[in-house]
Amino acid sequence: MSGKQAPAKTTTPKSTVNQSPTPQAASAQRRPGPPPQSNSPAGRSNATSTTSATKGPNKLNSPAKNQVAASPLPVVKSATLREVSENAQYLPPNLHSIFISSATQQALQLSVDEDVTQENNTKMIDKEVLLKDIESLGQGSNFYEFKEQIQNYPENEIAIVYDYDYYYSQNFLICFDPLLKNFIANPPVTLPIQEADDTEQYVPPEPKTWISLGSEVEIEEERLITNRPLKRFKIKVPSRSAKAAAPSEKFKDVDPDIDRKKNIICIEQYEDKQFDLKKMELDSSVQAAAEHRENSSQTIWRYPKNQWTQYEARTFTEEEQTKTMKDEQLIDMVMNSQDLFKEALQQNVIHNPFYLDWNELGGDLEGLGGPGDSHLREYQSFSSIKQSRDMIVTCIQWHPTIRGIIAVSLAAGQSFDERADNMSRTITSPSLIFMWSFVDPIQPKLYLEAPDDIQCFQFSPTDPHVIAGGCVNGQVVMWDIKEYEDRIRNPRGDHRDKDLFIPGYEDESFFQTPHIRFCAVSSIENGHSEPITDLQWIPDHFQITTQGLPTENLSMTCSQIMTCSFDSQVLLWETRPPRGGAKPLSKKEREIINPMGVPLTFKHLDLTWKPFLRLNLQSPEAGQVDFAPRKFSIRETQGDREALSKEDQNTFEKKKEPSGGQFVNPVDEANKSISQAKAKILQKIDTFFYVGTENTNKIRIKDRLYYFKRSSPGRRFDINRRFRDGQLVYQDWMPQKESDSTKFSTPKAAWSSGVVDGPVVALKRSPFFKDVLLIAGGWIFQIWREKVHSGSLLHTAPLKEKITDVEWSPTRPGVFFVSKQNGGIDVWDLIDRTHAPSISQSISNTALTYLSIKTISSKQQLLAAGDSNGTVHILEIPQSLRQPINQELQVVTNYLQRETERRDFVKHRWNLREEEKREKERLAAMKMGIAPSHIPTQDEIDIRMKNEYNDFIQFEFSVLQEMGLRDENEAPVIVPAN
Amino acid sequence: MSSTVVSTQQAEIEETMKRIQTHKGVHGFVVMSNDGSFVRSTIDNSTTMSLTGLIRTLSDKAKSCVRDLDPQNDLTFLRIRTKKQEILVAPDKDYLTIVLQANEQH
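Residues numbered from 1 in each chain as written. Chains lettered and ligands numbered in written order. Predicted model: local features only at pLDDT ≥ 70, side-chain atom pairs only at ≥ 80, totals over all residues. Heavy atoms only, no water.

### Some points on the overall build of chain B
Rules: The helix and strand labels rest on DSSP assignments: H or I over at least four residues marks a helix, E over at least two residues marks a strand, and numbering proceeds from the N terminus. Here's how the labels work: a residue is buried when its accessible area is under 20% of the maximum for its type, exposed when over 50%, partly exposed in between, all with a 1.4 Å probe on protein chains only. We call two residues contacting when some pair of their heavy atoms lies within 4.5 Å. Throughout, the Shrake-Rupley method with a 1.4 Å probe supplies accessible areas, and for residues the shown protein chains are the sole cover considered.
Within chain B, the regular secondary structure consists of 2 helices and 5 strands. When the helices and strands of chain B are listed from N to C terminus, the series reads α-β-β-α-β-β-β. Taking all 106 residues of chain B together, the buried fraction comes to 42%. Taking the intrachain contacts of chain B between residues at least 6 apart in sequence as the baseline, contacts between residues at least 24 apart amount to 36%. For chain B, the computed accessible surface area is about 5,800 Å², with 54% contributed by carbon and sulfur atoms.

### Considerations on the overall build of chain A
On a plain count of helices and strands, chain A comes out with 28 helices and 37 strands. Scored against the burial criterion, the 978 residues of chain A give a buried share of 39%. Counting contacts in chain A only where the partners sit at least 6 residues apart, residues at least 24 apart contribute 65% of the total.

### Structural notes on the pattern of salt bridges
Residue and element names in this part refer to chain A. Keep this limit in mind: Between Lys or Arg on one side and Asp or Glu on the other, a salt bridge is scored when a side-chain nitrogen of the former is within 4 Å of a carboxyl oxygen of the latter.
Taken as a whole, this structure holds 20 salt bridges over all chains when the rule is applied. Residue Asp832 pairs with Arg833 through a salt bridge whose shortest N-O separation is 3.3 Å. Among the residues examined, Arg833 registers a relative accessible area of 32% and is labelled partly exposed. The residue Arg922 makes a salt bridge to Glu919 at a minimum N-O spacing of 2.8 Å. Taken together, the residues Arg922 and Glu919, both in helix α27 (residues 888–928) and 3 residues apart, mark about one turn of the helix. Relative accessible area serves as the criterion here: at 32%, Arg922 is assigned to the partly exposed category.

### Section: unusual backbone geometry
Residue and element names in this part refer to chain A. Positive phi, close to 50°, is recorded for Ser568, a residue that is not glycine. Secondary-structure assignment places Ser568 in the loop between β18 (560–565) and β19 (569–574). In this structure, Lys787 takes a positive phi of about 70° despite not being glycine. Mapped onto the secondary structure, Lys787 falls in the loop between β29 (780–785) and β30 (794–795).

### Some details on the pairing of β18(A)
Residues and elements named next belong to chain A. Counted only if it meets this: Paired strands, as defined in this entry, are two strands with at least two bridges between them according to DSSP.
With 6 of 6 residues buried, β18 is to be regarded as a mostly interior element. Of the two faces of β18, the one lined by Gln560, Met562 and Cys564 and the one lined by Ile561, Thr563 and Ser565 are each fully buried. In this sheet, β18 lies alongside strand β15 (residues 532–537) in antiparallel orientation, the contact comprising 5 bridges. Pairing of Leu535 across the sheet is with Thr563, part of β18.

### Section: the sheet that holds strand β14 (residues 520–521) of chain A
Residue and element names in this part refer to chain A. Pairing is antiparallel in the open sheet, where 4 strands are placed in the order β10-β11-β12-β14. The outermost strands of the open sheet, each flanked by one partner alone, are β10 (454–459) and β14. In this sheet, β14 lies alongside strand β12 (residues 476–480) in antiparallel orientation, the contact comprising 2 bridges. Residue pairing for β14: Val477 is matched across the bridge by Val521.

### Looking at the environment of B:Ile98
By the secondary structure assignment, B:Ile98 is in strand β5 (residues 95–102). Spatially, the C-alpha atoms of B:Ile98 and B:Leu51 are 9.0 Å apart, while their sequence positions differ by 47 residues. Every residue in contact with B:Ile98, bar those within four places of it in the chain, is listed here: A:Phe341, B:Gly28, B:Phe29, B:Val30, B:Met32, B:Leu51, B:Ile55, B:Ile87, B:Leu88 and B:Val89.

### Some remarks on the interface of chain B and chain A
The following threshold applies: Two parts lose some accessible area (1.4 Å probe) when they are put together, and adding that loss for both gives the buried area. The definition of a polar contact used here is a pair of N or O atoms within 3.5 Å, where within protein one atom must be able to donate a hydrogen and the other to accept one, and adjacent residues in sequence count solely through side-chain atom pairs.
The partner chain A presents 30 residues to the 41 residues of chain B that form the contact. Between chain B and chain A lies a buried interface of about 3,300 Å² when both sides are counted; carbon and sulfur atoms form 65% of it. When the buried area of chain B at its contact with chain A is split by residue, B:Ile13, B:Val39 and B:Tyr95 rank highest and sum to 18% of it. Viewed at the interface, chain A and chain B are joined by 0 salt bridges. Taken together, chain B and chain A are joined by 10 residue pairs in polar contact (both at pLDDT 80 or more). At the level of secondary structure, the elements contributing two or more residues to the side of chain B that touches chain A comprise α1 (2–21), β1 (26–33), β2 (38–41), β3 (78–81), β4 (85–91) and β5 of chain B. The dominant element in the side of chain B that touches chain A, judged by the number of residues it contributes, is α1(B), at 9 residues.

### Brief notes about the nonpolar core
Residue and element names in this part refer to chain A. Using the following cut-off: Nonpolar core, defined: a set of buried Ala, Val, Leu, Ile, Met, Phe, Trp, Tyr and Cys residues in which side-chain atoms within 4.5 Å join the residues together.
By size, the foremost hydrophobic cluster in this structure holds 41 residues, and its most contacted members are Ile406, Met435, Trp479 and Ile874. Per-element tally for this core: the top contributor is strand β7 (residues 405–412), with 6 residues. Setting aside residues up to four positions removed in sequence, Met435 forms contacts with Ile405, Ile406, Ala407, Pro444, Lys445, Leu446, Leu448, Phe459, Ile467, Ile481 and Ile488. Core analysis: the second largest hydrophobic core is formed by 22 residues, Val570, Leu615, Val729 and Trp733 among them.

### Points about the sheet that holds β1(B)
Hydrogen bonds between backbone groups are what pair the strands of a sheet, and the pairing can be parallel or antiparallel. Residues and elements named next belong to chain B. To keep things clear, this is the line we draw: The angle between two axes is taken between their N-to-C directions and runs from 0 to 180 degrees, where each axis is a line fitted to C-alpha atoms and a helix contributes only its stretch in contact.
Taken in spatial order, the 5 strands of this open sheet run β2-β1-β5-β4-β3, and their pairing is antiparallel. One side of each edge strand has no neighbouring strand; the edge strands of this open sheet are β2 and β3. Strand-to-strand twist of the sheet, defined as the mean angle between neighbouring strand axes without regard to direction, takes the value 15°.

### Re the environment of A:Trp573
Residue and element names in this part refer to chain A. Here Trp573 lies in strand β19. Considered as a pair, Trp573 and Val476 are 97 residues apart in the sequence and their alpha carbons are 9.1 Å apart. In this structure Trp573 touches Val476, Ser522, Asn526, Gly527, Ser559, Gln560, Ile561, Thr563, Trp609, Lys610, Pro611 and Phe612, once residues within four positions along its chain are discounted. Reaching out from Trp573, the side chain makes a polar contact with the side chain of Thr563 at a distance of 3.0 Å.

### Thoughts on helix α28 (residues 938–963) of chain A
All names here are of chain A. Here is the rule we go by: To estimate how far a helix should extend, the number of its residues minus one is multiplied by 1.5 Å.
When the terminal C-alpha atoms of α28 are compared, their 37 Å separation across 26 residues agrees well with the 38 Å that a helix rising 1.5 Å per residue should span. Restricting attention to buried positions, one finds in α28 the residues Asn950, Ile953, Phe957 and Leu960. Gly964 lies just past α28 and shows a positive phi near 85°.

### Quick notes on a negative patch on the surface
Convention followed: Patch members must show over 30% relative accessible area and no salt bridge, and they are joined within 9 Å when carrying like charges or within 5 Å when they are nonpolar side chains of Val, Leu, Ile, Met, Phe, Trp or Tyr. Think of it this way: Lys and Arg go in the positive column, Asp and Glu in the negative one, and His and the chain ends go nowhere. To locate a charge, take NZ of a lysine, CZ of an arginine, CG of an aspartate or CD of a glutamate.
Taken together, A:Glu216, A:Glu218, A:Glu221 and A:Glu222 make up a surface patch of like negative charges. A relative accessible area of 42% means that A:Glu218 is categorised as partly exposed.

### Focus on the packing of aromatic side chains
All names here are of chain A. Selection criterion: Aromatic rings from Phe, Tyr and Trp, with only the six-membered ring used for Trp, were paired whenever their centres fell within 6.5 Å, and each pair was classed as stacked if the ring planes differed by under 30 degrees, edge-to-face if by over 60, and tilted otherwise. Only when the NZ atom of a Lys or the CZ atom of an Arg is both within 6 Å of the ring centre and within 35 degrees of the ring normal do we say a charge sits over the ring.
Applying the stated rule across the entire model yields 19 aromatic pairs over all chains. Aromatic pair Phe542 and Trp733: ring centres 6.4 Å apart, planes at 5°, arrangement stacked. Of the two residues, Phe542 is situated in strand β16 (residues 542–544) and Trp733 in the loop between β23 (726–732) and β24 (736–737); the sequence distance between them amounts to 191 residues. On the basis of relative accessibility, which here comes to 1%, the residue Phe542 falls in the buried class. Residue class for Trp733 comes out buried when judged on its relative accessible area of 1%. Aromatic pair Phe816 and Trp828: ring centres 6.3 Å apart, planes at 5°, arrangement stacked. Here the residue Phe816 occupies a position in strand β32 (residues 815–820), and Trp828 occupies one in strand β33 (residues 824–829), the gap between them amounting to 12 residues. Since its relative accessible area comes to 0%, Phe816 is described here as buried. Connected via pairs of aromatic rings, a cluster forms that spans Tyr379, Phe382, Trp398, Phe434, Trp436, Phe438 and Tyr447. Above the ring of Phe518, the side-chain terminus of Arg517 is found at 4.7 Å from the ring centroid. One residue, Lys764, lies across the ring of Tyr850, its end atom 5.6 Å from the ring centre.

### Considering the pairing of β4(B)
A regular strand places its side chains on the two faces of the sheet in alternate fashion. Residue and element names in this part refer to chain B. Burial of β4 is extensive: 6 of the 7 residues sit out of reach of the surface. Two strands pair when backbone bridges link them, and β3 and β4 are joined in this way by 4 bridges, in the antiparallel orientation. Directly across from Leu78, in β4, lies its bridge partner Val89. Remark: 3 residues form the turn of the hairpin made by β3 and β4, two consecutive strands paired antiparallel. Bridge analysis of β4 against β5 gives 7 bridges, and the strand direction is antiparallel.

### So, a nonpolar patch on the surface
Residues and elements named next belong to chain A. Taken together, Tyr949, Phe952, Phe955, Val959, Met963 and Leu965 make up a surface patch of nonpolar side chains, about 640 Å² in accessible area. Inspection of the secondary structure puts Phe952 in helix α28. Of the residues examined, Phe952 reaches a relative accessible area of 47% and is grouped as partly exposed.

### Some thoughts on the confidence of the model for chain A
Note the following rule: What pLDDT conveys is the predictor's confidence in a given residue, as a value from 0 to 100.
Here chain A shows a mean pLDDT of 74. Residues at 70 or above account for 70%. Confidence over residues 664–675 of chain A falls short of pLDDT 50; this stretch has 23 contacts with residues more than four positions distant or in other chains.

### Concerning the environment of A:Tyr730
Residues and elements named next belong to chain A. Inspection of the secondary structure assignment puts Tyr730 in strand β23. Exposure remark for Tyr730: the relative accessible area of 5% places this residue in the buried category. Look past the residues within four positions of Tyr730 in its chain and what remains in contact with it is Asp686, Phe688, Phe689, Tyr690, Ala749, Ala750, Trp751, Glu786, Lys787 and His789. There is a polar contact of 3.2 Å between the side chain of Tyr730 and the side chain of Glu786.

Listed below in structure tokens is the structure:
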């Protein structure tokens, strides 16, 4: 293709740029032909495309246009003379370098930088003008050497080109080729544009059939062919092994600076000016892509299933069985094994009566601690940092159904005067019942707000969400926590459970323990006038009418509450609305009435609640101060249905709703009250109950001694008791008609006696013996049996510390726990010893105030002990105190029976002694002759005989009644005494 | 002739079984073949099934144990004393007899 170009174009000015002769380092010789091309510009131009080839003349002829872009660069300016002369070689023929002096320039109007500039560098000059210049100046003319050419020039004007940077050695170029002149005059300006077009429009190359234009010859010429063997050089490098192996080779250290020229040939670094191009712009691109990303996919977790195979056990059919029965082998086998069996069986029968004593020793070894460990272990303790300070625990109740929930009431440990002084403070900060969960010992689950300090409270046994409490101010308070039952039940619903909420949307109130307001309080005028000291729900199997009669409870839920207080009253309260009483409220009404969001369960009671039965405990002797009850105990217990007849028990079990709950919000369900009209009177229920009192009638010791001396030996005991602080009173709750009026009033106490030397703090019935009571007060506690009033079955010597509470073990009949003022707990085991506690253990450094025990599971029993620092200690009962030992119940029953018999005997002896004493006195009097011997008169004999006869009638009647021969309501015919 | 012998012997078996069952505390008698199916049982079906299945493997195991200890030896009788009862097992070549005796103390 280069061959087709004009010869002027093949040799471009650019090709001179790299004209410095480069050493030919090839070891191979080139073929004859064009000069070495690897570095030569000519070769390069051959290889380049058409566009680059046409560039050459363009640059040459219109340097004005292309100088900036493509003209020889400043490199040329500093080119050496030799280089410039060589540049001139490449000038096309008929184009000559010429020097025009400044004078001539002016004459020809060709002044540099005025008429001609770098950009506009051509000027047409008339041939005549030049010839005239030659003529006038002769040899001095700048054009003299071209005289002939000027003369021969066919056209009139000659083109002079200004060589701005002396590229071709002189300042001007003169053209003697008319074609070239035209080219200079009209430079092909379209070429660069075409070039641009070419690059922009990409035409995919189309395959063409190859036409030979001689390039294959060029390629053939380019090929290197080795025509001599390659030279080999051997360079020895000293190595340590070589040193030792060939010591003949001598190497020595040479100072590179001194001997450099002699010994070292090196090609030093130099700055290649050709590559001085600075990169000004750089196209660069970056692909932005995330380094990693997270992805998730949901996989379906199918329920894992066990592979199963159904199989059937192999059996013989009837026929096969009969067939195999005839098998001789079988027969043999049975016959042979017969003796073996007989022997084994007989051996067993012989050996069975003997058993291993070791197995019976020590009982069950399972469980923590084993049988040896008999100490109470602290399981957990609850104490509120803020609210527990200076507070004493007044009552502890375990939640009847939900495990691990315990309610604790706290009260300020203040005397009456302190309380009066701090009245304003107590009002502003409401008293609270804390509902603790074993899951969270830091924050209580619920706070129950009370109008005043709570002395005692109890969960309703049938509706565990209902709580009744007795206040210091004598009011009975009701709470309904049904709405919060989920909160209590949910072990994770505590304040740390932040996961429940999206961050930023936490419901602060959720994490705070809710304060629950009471639903209802009793009316102040009709309630107690002193602090309520004991409160109990009447068991669900009976209810008490306003006449005090125990009747069947058809609703089968606990609804009545019994309370006692210092004001010598025992009150009975009904929580159900009166028949047809509370009418359901509309929603609007509810909102008006109920601004605090309090459940309306007991709305009908609020502030108007009156006890339906009021018992006044009068002193049996006139002039004495009435009893001040502190604790009471009724015979019936929750869940004990013995009082009901057999069939009633069955219906009771049947009717019992599993959900329970008669206390529904009246809005949700209107009057659910069941008519109690048909309720039968339950004869078996004992209307007598025991009351433990605090005697405020202090009698001086002197007086006591006076009474004591004056009394008979048999009475001494009684007299002594009368002046004790804590009395035990046997009382009937059934009101009786007074003799002088038609009014019903509480009967006088059937029996009363001072039993303990301080206010009664606890009066508890044994869970195993309904008629056995444990009474504690002051420094002593005693065990009494109902209706055995001659004395206690067991009484202790005064302890060193005041007793604060007692609690029976629910699983061991002979075990009970006694808490003391010094923070210790004594464990008494009647089977072990009766004169001293089996275990005495210190629990708290402040006085314990309340004990409450709960059987969590067959393996766990927890005792909650509250102290006067507001802390509740949960103690785990060791296995030895939990697990009844062999026939313990029998042993304890026998013990109590023995003690009861002893009481009878003592009583018998008292009578004997009394008789003896009277006889003695009579005899002494007779002897002295002061009084005549007593001779009974006829009247006296009659009276005595009538009395005897009446006794016999009574006895006969009772026998007949037992046999069912007499009606119950019939009364025996009694002969009047006189 | 032989059939009469067999029948008399069969009667003897019945007699033996009755006799064993008259012992104090015996409340079960099972005769089973060594492939696990029972021939005769005096207790309910499901209990027999589980009993035969389990006791057979145990007696096999015991038998192999005895034989491993002494190849000349063989298991003749197996007594399993439990809290509630005693299981008496008499293994034989093709058959197995199980007697259950209640433990008196419980």
